[in-house]
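# Overview (structure and organization)
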Amino acid sequence: GENVEQHPSTLSVQEGDSAVIKCTYSDSASNYFPWYKQELGKRPQLIIDIRSNVGEKKDQRIAVTLNKTAKHFSLHITETQPEDSAVYFCAASTFTGGYNKLIFGAGTRLAVHP
Amino acid sequence: GAGVSQSPSNKVTEKGKDVELRCDPISGHTALYWYRQRLGQGLEFLIYFQGNSAPDKSGLPSDRFSAERTGESVSTLTIQRTQQEDSAVYLCASSTYQGYYGYTFGSGTRLTVV
């Protein structure tokens, strides 16, 4: 089955710097890669996703890149702000058998210092 | 409803007791997923429902865990004879079109077994 590894486990940056979180996946058939943000004590919320027919996607200060050959994808946050502090989870899934089963990475705790 | 609702939000139970956790998905979402999140860890897949059938139960950790869903509505996750290692946040998510457009998570039930 699918296995997703995520690095780093913790990341500390100064406000205004960029942050990059990387994930690798094992199943070459995986075709959907979402990123979730989870603030302390709250539910995970989808912030951006990418499908395997696209190499990059941007939404304001966040972007995701996908390298299908290498089986890795990354989240890029530019001009970080203190409110970006949270745990970020990547996930991968294969839409086969009629549904998406998301397999999550272990998470990255991002701290943005003013 | 406007979002995925889970109840109770917190549950403390004695070791050996049975517990029931409830999830009320977004109206019209046919796909429903249960995940477990241990403290400081990632999201671990438990079970997937499409309507009231469960084509993927592969993540249920033992036969003490079971789940049901009524039509395309409420789901209940039952843990029998709870153990301390069952302590975790149990998250429910729902999606339209079998997850193709991503999941919406509930706020979770924090289960503590003492």
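Structure: above.
Below: a short report on this structure. Predicted, not measured: the structure shown is a model, and the values here were computed from it.

## Considering the state of the cysteines
Under the counting rule described, the total for this entry stands at 2 disulfides over all chains. Each sulfur of the disulfide joining Cys23 of chain A and Cys90 of chain A lies 1.9 Å from the other. Between Cys23 of chain A and Cys90 of chain A the sulfur-sulfur dihedral comes to about -100 degrees; the bridge is accordingly left-handed. In this pair, Cys23 of chain A is assigned in strand E3 (residues 19-25) and Cys90 of chain A in strand E9 (residues 86-92), connecting sequence segments 67 residues apart. The same class applies to Cys23 of chain A as to Cys90 of chain A, namely buried. The disulfide that involves Cys23 of chain B links it to Cys92 of chain B, with 1.9 Å between the sulfurs. Across the S-S bond linking Cys23 of chain B and Cys92 of chain B, the dihedral sits near -65 degrees, which makes this disulfide left-handed. Of the two residues, Cys23 of chain B is situated in strand E3 (residues 19-24) and Cys92 of chain B in strand E9 (residues 88-95); the sequence distance between them amounts to 69 residues. On the basis of relative accessible area, Cys23 of chain B is assigned to the buried category, the value being 0%.

## Remarks on the pairing of strand E1 (residues 4-7) of chain A
Residue and element names in this part refer to chain A. Here E1 shows a clear split, with Val4 and Gln6 buried on one side and none of Glu5 and His7 buried on the other. In this structure, E1 lies alongside E3, joined through 4 bridges in antiparallel fashion. Considered in E3, the bridge of Glu5 is made with Thr24.

## Section: unusual backbone geometry
In the segment running from His7 of chain A into Pro8 of chain A, the intervening peptide bond is cis, with an omega of -5 degrees. By secondary structure assignment, the location of Pro8 of chain A is in the loop between E1 and strand E2 (10-14). The peptide bond linking Ser7 of chain B to Pro8 of chain B adopts the cis configuration, its omega dihedral lying at -10 degrees. Along the chain, the position of Pro8 of chain B falls in the loop between strand E1 (5-7) and strand E2 (10-13). Despite not being glycine, Glu79 of chain A shows a phi value in the positive range, around 45 degrees. Along the chain, Glu79 of chain A falls in the loop between strand E8 (72-77) and E9. Under the relative-accessibility criterion, Glu79 of chain A is labelled exposed at 53%. The residue Arg81 of chain B is not glycine, and still its phi comes out positive at about 45 degrees. Note on placement: Arg81 of chain B falls in the loop between strand E8 (75-79) and E9.

## Points about the nonpolar core
Counting residues in each nonpolar core, the largest one holds 23 residues, and the members touching the most others are Trp35, Phe73 and Leu110 of chain A. Of all the elements in the fold, those that place two or more residues in this core are E2, E3, strand E4 (32-38), strand E5 (45-51), strand E7 (62-67), E8, E9 and strand E13 (108-113) of chain A.

## A look at the packing of aromatic side chains
All names here are of chain B. Per the stated rule, a full pass over the model turns up 14 aromatic pairs over all chains. Ring centres 6.0 Å apart and planes at 65 degrees place the aromatic pair Tyr35 and Phe105 in the edge-to-face group. Within this pair, whereas Tyr35 is found in strand E4 (residues 31-37), its partner Phe105 is found in strand E10 (residues 104-105), the two being separated by 70 residues in sequence. By relative accessible area, which is 0% here, Tyr35 ends up buried.

## Thoughts on the pattern of salt bridges
Scanning all chains against the criterion turns up 7 salt bridges over all chains. A salt bridge links Asp84 of chain A to Arg61 of chain A, with the shortest nitrogen-to-oxygen separation between them at 2.9 Å. Note that Asp84 of chain A is positioned in the loop between E8 and E9 and Arg61 of chain A in the loop between strand E6 (56-59) and E7, a separation of 23 residues in sequence. Given the relative accessible area of 22%, Arg61 of chain A is considered partly exposed. Of the charged contacts in the structure, one is a salt bridge between Glu14 of chain B and Lys17 of chain B, with a shortest N-O distance of 3.7 Å. For Lys17 of chain B, a relative accessible area of 44% gives the class partly exposed.

## Focus: the environment of Ser9 of chain A
All names here are of chain A. Of note, Ser9 is situated in the loop between E1 and E2. Along the primary structure Ser9 and Pro44 are separated by 35 residues, whereas in three dimensions their C-alpha atoms are 17 Å apart. Apart from the residues within four sequence positions on either side, Ser9 is in contact with Gly107, Thr108 and Arg109.

Calculation notes
- Residues numbered from 1 in each chain as written.
- Chains lettered and ligands numbered in written order.
- Predicted model: local features only at pLDDT ≥ 70, side-chain atom pairs only at ≥ 80, totals over all residues.
- Heavy atoms only, no water.
- Disulfide = S-S within 2.5 Å.
- Helix = DSSP H or I, 4+ residues; strand = E, 2+ residues; numbered from the N terminus.
- Buried < 20%, exposed > 50% of the residue type's maximum accessible area, 1.4 Å probe, protein only.
- Pairing = 2+ DSSP bridges.
- Core = buried A, V, L, I, M, F, W, Y, C linked by side-chain atoms within 4.5 Å.
- Phe/Tyr/Trp six-rings, centres within 6.5 Å; stacked < 30°, edge-to-face > 60°.
- Salt bridge = Lys/Arg side-chain N within 4 Å of Asp/Glu carboxyl O.
- Contact = heavy atoms within 4.5 Å.

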